[in-house]
Each structure stands twice: as structure tokens, then as C-alpha cells.
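Remarks on the overall topology
Below are the chains, spelled out letter by letter.
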Amino acid sequence: MSKKSRGGGGGAAAGEDPEDLSRSPLQAVLLADSFTLKFRPITLERPKVLLPLVNVPMIEYTLSWLESAGVEECFVFCCAHAQQVKEHLGKAGWTGKPAAREMTVTAVESHDAISAGDALRVMYGRGVIHGDFVLISGDTISNMNLKDALQEHKDRRKKDPLAVMTMVIKHSKPSILTNQTRLGNDEIVMAIDPETKELLYYEDRADVSNLYVTIDKDILASNPTLQLRNNMEDCYIDICSPEVLSLFTDNFDYQHLRRHFVKGLLVDDIMGYKIYTHEIRSSYAARIDNFRSYDTVSKDIIQRWTYPMVPDVLSFGDRQEIKLHRQGIYKASDVTLSHSAQIGANSVVGNGTSVGENCKVSNSVIGQGCNIGKNVLIHGSYIWDNVTIEDGCKVSNSLVCDGVHLGAGAIVEPGCILSFKVEVGKNVVVPAYSKVALLPQPSNEDSDEELEYADTNSGVTDSPPFSSMRSADHPTVSDDDDLEASETGTCGVVGYVWENVDAGIQEEWRQSIAPIPKDKLEELQHAASFDDDDDGSEDDFKNRPTVLDQDDDSDVSAVEDDDYSKFEKEVEETFQRALDGIHQDNLILEINALRLSYSLQHADCAGALFHSVMRSALVAAQSTNGNLLKTTAEALGKWKDLLRNYTKSVDEEMEILLKFEEMCQENTKEFSPLFSKILPYLYDKEVVSEDAILRWAEEKENADESDKVFIKQSEAFIQWLKEAEEEDEEEE
């Protein structure tokens, strides 16, 4: 099939040899505008990509990853607040003469774009993309290695020039109650060819209440082994051929990357363009699409799932160096901390911040230059820069922006968003899920879901400038009779309360920083049970449409892999609490309960716990710039009895060895050169036995050379064990 070739400067011509494309420098297009309204009111004043994520602007994670992944030239497309983005790029050293970076960064500015499609049409017109490129938004965090995905894309292009895009995806089993991933996104339904990995169907707005989706019968007829998956997450990292830009230019209806472009190509039988998927398992990739994913990704960063994109490694600007301490606590060197203040596990405190007497901070991030008074409780919250919190305040699972002032005794209930420089009076209670800003809510917010408009501060509003929250014209927190004035006669809150224009406050829990309320979960559980009773008749199941015959084995294994990943992460979180002083017996009870809830085996506990112990050694070495072998020996020595509790058989000991191999090859490669030194230590501490090691070596004898790396590395020790065994047999 012939392909359309456009004139102009939009990139490489369609007929170019893929070999020529492969020699082009690897380029990236980074969209620095989210083209959504989900982070309002904050994004009226600051672009989303510059919002702090664990005290570092989001775009820094994306740019740093692109640079580490081998991208040589990155074009940052700016629309809303373009000047702020360009100033940041210069200040951070990405652009300008002094930039000493391996990746060149160029800002591309346009004030006319109102969608991702418009942005890519602008990029085509600039004629700066000359080959395959990475398409990503500036709110994406990853540590994946692009090498395999790029090679797969290039290999396909050589065989089939119509393979124009490779999408990065990962396992993420949605909740059976909310039908959402842990990031707060609705589940996505994909149909993928299990052999070629071609994407055949994509639906991000499936009606889960019907329990079925509608797929064109031609797709089913031509793809008998089609897999329909709802346990995959779209990472929004795409490897594109230059034709992608021309396709957007040819089709002005393409606005949204997924709902228009991807779905459009999948149903276009004329041009025949194809989209493929690349699945990652051990690497990290996630897009911050809402406040719940902001919270989830922040916790992942703090717990180092994103390494090396973590606070003590990722440098930014002139901020003081952040140091990692035990229990996942990060502190700048110049923090002023009262002796009676308690900074709990998985918390971050930025430079120049002072924390007063008897304060308790847990699972929270505090920025720089903050002044926290006495007897303040902060839990599960994000306090940005230069915030003042007076004595006796309580902040739970909320986000507090730069310059906010909380008067003494103020209470911020879960799910609140306090935008820049909002003032809360003494003893005022800010109700759950409130969004408060000094800027009034624009009256012309567009609700068209098919076209998500850019964040902008140019919207016309019917509201006059902000006033005290007592204003009768603009209902606010203090308009409530119970909250209008405190005992000391304060006037409440300075700012405007924004209304939720979508589904009202009752749906705020879906994408909020706050945990899903218990009563909401019970309500969903009841509804699910009711639906099962209603729809469970034999006739209903007979009449329910069937979509296709799935590959049961692969589908089951995918679910099992996903469940084990979640189990492994929960074991690590439980183990982290053990580092905080939980008794070992209680830790065993918690891990056993987790095993039962996931319906896993005793051997699975052995592998997951070993993974947690080894990661704790790695974190200790990174935080102290210490010797990894030494910290590993200390960790194994401390936790050997706990590990032995889960290695009662040779099979369970084998699970330790296989998990160690996997770690060295995938997510903790720092251990790889130390494998042969750590193995004898595991033997010496009786974590693994001679029988397990020899059986492991025996099973690897007929394996591929790539699977025998650690066998060869440990050859001398294995040979010593064999000789010792032979001597024992001779003596007998």
C-alpha cells in the first residue's frame, strides 16, 4: 500500500529508508501543557509541569529520564504559562549557553494550541523532527530503559513501514469496586495480538456496568488469538515515526492523543497504519493525571520505586542537598527540628523549614522555607514552599500551595486543595474536599469532554476580585453559620471556594488525595453484591453478549504476575514498618495475612521478603554513600532469622536464589557484580542450603548462556560445594 508523502518541513519523508532513520539522533517531543482542567485552581497561576513533586518540579523528572534514556534532542512544547516554563528551563540549566547537558533542550512556544493535536501540528510545521521520536507529557515519571522498546519499534519499521507507533504499557489491575487503577484513572480495555503485540482495540471510557464491550466482528474474525485486557495501564510514553506528525496535520479532527488519534488509526481501513505495544514489568512509569495519582506517584518516589529519580539523587537548582535517613525519611541539611518533634516514616522536609515542639509529621512532604508551629499534626499531606502553619493546626491528606497561612487551631480536612497564598483564620475548619483559591472560578469553563482545553488564566469570569470569605455574593467556608467566626472573632478564610462542575462533591473521592472513605467502599461493596444477585441468573448469563475466546493461560498468568507485584510491594511496606520497630512476630503475622489475602504460596513470601531486605541494604548504601556489600551483610545478618522462617524447604530456598537473580538482572542491577560474594554469605547464614545451591546450578546446566551469567560468576564457590559434598559421601 502506498503512503501519503507531504511537502513542507514536517520531518522525514515517508519513503525514507528505516536504516537512515535509525542513524538520526534520538529526539523527543515533551508536551509541557496538560490540556486539561483537572489541576485547577492551582494551574491558573502555575503550569502543571512546574508543580512540585516531592519538592522537585514535575518536568525535571521527565527531562532527567529522557536524558538518561539516551535522548539527544528534546523539544518542549509550551502553551499556557509558556514564559514560566521557558524561565524554568533556563534557570535549571536545560537551555542557554551555560547548559552542560548531554541532551539539548529547545522550547517551542505557541499560544494558539488548545489540544495535543494542535501541538503536534505546530511541531510538524517547525520541521525539526527528522526521525523516530519519543512523545511524552511533562507530567510523566519513569525509570524504564528505552533501549528494548526503541529496538522493537525500529525492527518493525524495517519490516512494515506502516508500524508508526509503539505505546508503552504496564500491568495495573483495577479495583473490582471502583474500576479504577491505583492512580485514580478509569480502567482501560485493550485488545492486543499476543504474538505481534499489535494494538487492535482501545477503550478508555468503557461502560463497566454492562460487563461487556463491543468489538468489530472483522477484528475478531482476522485475529483468532486476540487477547482482551482490562488489567493494563497506559503509561503515555510513545515511540513515534515522523509520519505521526503528518497524520495529525492531515486530520484536524485529531485533538486528543488517545480518543481521537489512536482510535482513529485503529478503525481506519484505508491507510492501514498500525500501533504496537511494549509491555514493561519491573520498570516504573506513570503519568500524573489527577490529584490521586499525584499522591500515589509521590509515595512511589519516596519509597524509591522510581530510582534513580529520587530526592537524594535528582538535583535541582540551588536547593540544599536532601539526605535519606532510616524509615524513608528525607531531610535537607539546614532543617530546624525541635527535639520533641516527630518526623514519621516516608516523609520529606525541605531546606530552610522549621518544625516546632510536639509536632507530628507522617507520610507527608514539606517544602522549603516553611514555618510549622507547635503541636501541629500533618498526615498524608503535601505542604509546598513558604507555608506558615501556626500552633495547634491539623492537616490531613490535603495539598497546601506556596504562601498559604493557617491560623492557630485551624483544621484542614481530607481532600482539600488550598491554592497559592490562601489564608485560613484561627480555629476555622476547612471542610473535606474543598478547593479554595484567591482567584475566582471562571464562568466559562468548557465541559466538552471530547476536547480538553488548555489551562489558562485568560478566562472571563462574572465574579469581582476576591474578598473576605464573608462575602454574601461568593459563598465560602466561613459563610456556614457554624464556621463563620471562631472563638477569637476571626473572619474565616480569605479566598473563593470552587464548585466541582463535574459530578459534585460526592464524587470527589474518586480522584482525591484523600483515601477512599470507608463508607463509600461499603456502599460500592453493597452495590456490587446487589448487582451480582440481580444479574446472576442463568438466563442472564446465556443472553449476555460474548466478545471472544480469550487465551486463558496468558490472561491468568498476567493477573498472577500483577497480584504478585502488588503483594511484593505490600510486603516491602510492611517490612518498612519493621524497620520502625515493629516486633518480628507481628511482622510474620502481617506477611502471612497478606499471603492469604492474595492466595499465594509460602515460597512467594520468601522471595518477596528477600527482595525487601535487599532493597533496604541498597537504600542504606545509597543514603550513606557506603559500601553495598557491607550494608548487605549487615541487613542479612539482622534479618536472617526472619528469612529462615520462610525457607523451610529446598523449594523455598530456591525461590530466594531465583529472586536474587531477577533483582540483579532487572530493578536492582547494583547487586549484579556482587552476586558471587553475597551467595556464600547466604549459605553461611543458613538462609539457603548447599542442596538448594547445587540444585539451582544443576537446573541451569541446559539453559541459554544469558541465563547462566550468575552460575559462571559463582563457579568457584559451586565447585567448592560439590567437592565438599563428594568428600562427605566418601567418608560415609
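Residues numbered from 1 in each chain as written. Predicted model: local features only at pLDDT ≥ 70, side-chain atom pairs only at ≥ 80, totals over all residues. Heavy atoms only, no water.

**Here's the deal with the packing of helix α16 (residues 650–665) against helix α17 (residues 675–684)**
One can describe the packing of α16 onto α17 by two numbers: an axis separation of 12 Å at closest approach and a directional angle of 160 degrees. It follows from the interaxial angle that α16 and α17 lie roughly antiparallel. The element α16 and its partner α17 pack so that their crossing is right-handed. Of α17, the residues touching α16 (which contributes L657, F660, E661 and C664) are F675, I678, L679 and L682. The residue makeup of the contact of α16 with α17, split by class, is seven nonpolar, no polar and one charged. (Axes fitted to C-alpha atoms, helices over the stretch in contact; angles between N-to-C directions. Helix = DSSP H or I, 4+ residues; strand = E, 2+ residues; numbered from the N terminus. Parallel < 35°, antiparallel > 145°, perpendicular 65-115°, else oblique. Left-handed = near helix turned anticlockwise from the far one by under 90°. Contact = heavy atoms within 4.5 Å. Nonpolar A, V, L, I, M, F, W, Y, C, P; charged D, E, K, R; others polar.)

**Brief notes about the nonpolar core**
Residues L63, L66, V76, L399 and L406 are the most contacted members of the largest nonpolar core, which totals 100 residues. Take this core: its biggest share by element is six residues, from helix α2 (residues 58–68). Residues lining this core come from more than one domain, with at least three contributed by each of domain 1 (27–291) and domain 2 (320–437). Judged by nonpolar contacts, the second largest core, of 49 residues, contains L600, C605, A617 and I656. (Core = buried A, V, L, I, M, F, W, Y, C linked by side-chain atoms within 4.5 Å. Buried < 20%, exposed > 50% of the residue type's maximum accessible area, 1.4 Å probe, protein only. Domains from an automatic or database assignment.)

**Description of unusual backbone geometry**
Here R40 and P41 are connected by a cis peptide whose omega angle stands at 5 degrees. Along the chain, the position of P41 falls in the loop between β1 (27–31) and β2 (52–53). Looking along the chain, the bond that leaves Y307 and enters P308 is cis, with omega of 10 degrees. Mapping P308 onto the fold places it in the loop between α9 (291–302) and β14 (322–325). Backbone geometry places Y236, a non-glycine residue, at a positive phi of 55 degrees. One can find Y236 in strand β11 (residues 227–240). Even without being glycine, K421 reaches a positive phi, approximately 65 degrees. In this structure, K421 sits in the loop between β30 (417–418) and β31 (423–424). Using a relative accessible area of 56% as the deciding quantity, one classes K421 as exposed.

**Considering the pairing of β14**
The alternating pattern of β14 places I322 and L324 on a buried face, while none of K323 and H325, on the opposite face, is buried. Pairing of β14 with strand β15 (residues 329–332) involves four bridges; the strand directions are antiparallel. Looking at the pairing, L324 lines up with Y330 of β15. Where β14 folds back on β15, the antiparallel hairpin that results is connected by three residues, among which Q327 adopts a positive phi of roughly 65 degrees. (Pairing = 2+ DSSP bridges.)

**A look at α16**
Over its 16 residues, α16 extends 23 Å from the first C-alpha to the last, a length consistent with the 22 Å expected when each residue adds 1.5 Å. Residues of α16 that are buried: E652, E653, M654, I656, L657, K659, F660, E661, M663 and C664. (Expected span 1.5 Å × (residues − 1).)

**Describing the sheet that holds strand β18 (residues 347–349)**
On the basis of which strands lie adjacent, the open sheet formed by nine strands has the order β14-β15-β18-β21-β24-β27-β30-β33-β35 and mixed pairing. Since the sheet does not close on itself, it has two edges, and those belong to β14 and β35 (496–497), each with one partner. Sheet topology places β30 next to strand β33 (residues 435–437); two bridges connect them, and they run parallel. Each bridged residue has a counterpart across the sheet, and for L418 the counterpart in β33 is V436.

**Some points on the side chain of S64**
With respect to the helices, strands and loops of the structure, S64 is situated in helix α2. In this structure the side chain of S64 is engaged in a polar contact, spanning 2.7 Å, whose partner is the backbone oxygen of E60. (Polar contact = N/O pair within 3.5 Å; in protein donor to acceptor, adjacent residues only side chain to side chain.)

**Notes on the sheet that holds strand β32 (residues 429–430)**
Read across the sheet, six strands follow the order β17-β20-β23-β26-β29-β32 without closing on themselves; strand pairing throughout is parallel. At either end of the open sheet lies a strand with only one pairing partner, and these are β17 (342–343) and β32. Taken together, the three bridges between strand β23 (residues 377–379) and strand β26 (residues 394–396) define a ladder with parallel strand orientation. Opposite L377, over in β26, you have K394 as the bridge partner.

**Structural notes on the pattern of salt bridges**
The full count for this structure, using the stated rule, is 13 salt bridges. The partner of E662 in a salt bridge is K659, with the nearest N and O atoms 3.2 Å apart. Of this pair, E662 and K659 both sit in helix α16, three residues apart, which is roughly one turn of the helix. Given a relative accessible area of 34%, E662 falls into the partly exposed group. (Salt bridge = Lys/Arg side-chain N within 4 Å of Asp/Glu carboxyl O.)

**Regarding the confidence of the model for the protein**
A low pLDDT means the predicted coordinates there should not be read in detail. The predicted model of the protein averages 75 in pLDDT, with 74% of residues at 70 or higher. Within the protein, strand β24 (residues 382–383) carries the highest mean pLDDT (94), whereas helix α11 (residues 538–543) carries the lowest (40). Contacts of residues 1–16 to residues separated by more than four positions or lying in other chains number 35 contacts, the stretch itself having pLDDT below 50. (pLDDT = per-residue confidence, 0-100.)

**Considering the packing of α16 against helix α18 (residues 690–699)**
At a minimum axis distance of 9 Å, the contact between α16 and α18 shows a crossing angle of 60 degrees. The angle between α16 and α18 falls in the class oblique. Between α16 and α18 lies a crossing whose hand is right-handed. Every residue of α18 that contacts α16 at V650, D651, E653, M654, L657, L658 and E661 is listed here: D691, A692, I693, R695, W696 and E699. Considering only residue class, the contact of α16 with α18 consists of seven nonpolar, no polar and six charged.

**As for helix α15 (residues 628–644)**
Over its 17 residues, α15 runs 22 Å from end to end, which matches the ideal 24 Å to within 8%, given 1.5 Å per residue. Along α15, the sharpest change in direction is near 50 degrees and occurs at K638. Three or more residues of α15 are buried, namely L628, T631, T632, A635, L636, W639, L642 and L643. The N-capping residue of α15, defined by a side-chain oxygen 2.8 Å from the backbone nitrogen of L629, is N627. (Bend = angle between axes of the 7 residues up to and from the residue.)

**Details of the pairing of strand β12 (residues 274–280)**
Of all seven residues that make up β12, five are buried, and the element is covered over most of its length. As paired elements, strand β8 (residues 163–171) and β12 share seven bridges and run parallel to each other. When the sheet's bridge partners are listed, M167 is paired in β12 with T277.

**Quick notes on the packing of aromatic side chains**
For the coordinates displayed, the defined rule picks out 11 aromatic pairs. Relative to F660, the ring of F610 lies with its centre 5.6 Å away and its plane at 75 degrees, an arrangement referred to as edge-to-face. Highlighted residues: F610 in helix α14 (residues 602–624) and F660 in helix α16, separated in sequence by 50 residues. Pair check on accessibility: F610 and F660 agree, each one buried. When the ring of F660 is compared with that of F671, the centres are 6.3 Å apart and the planes differ by 70 degrees; the resulting orientation is edge-to-face. (Phe/Tyr/Trp six-rings, centres within 6.5 Å; stacked < 30°, edge-to-face > 60°.)

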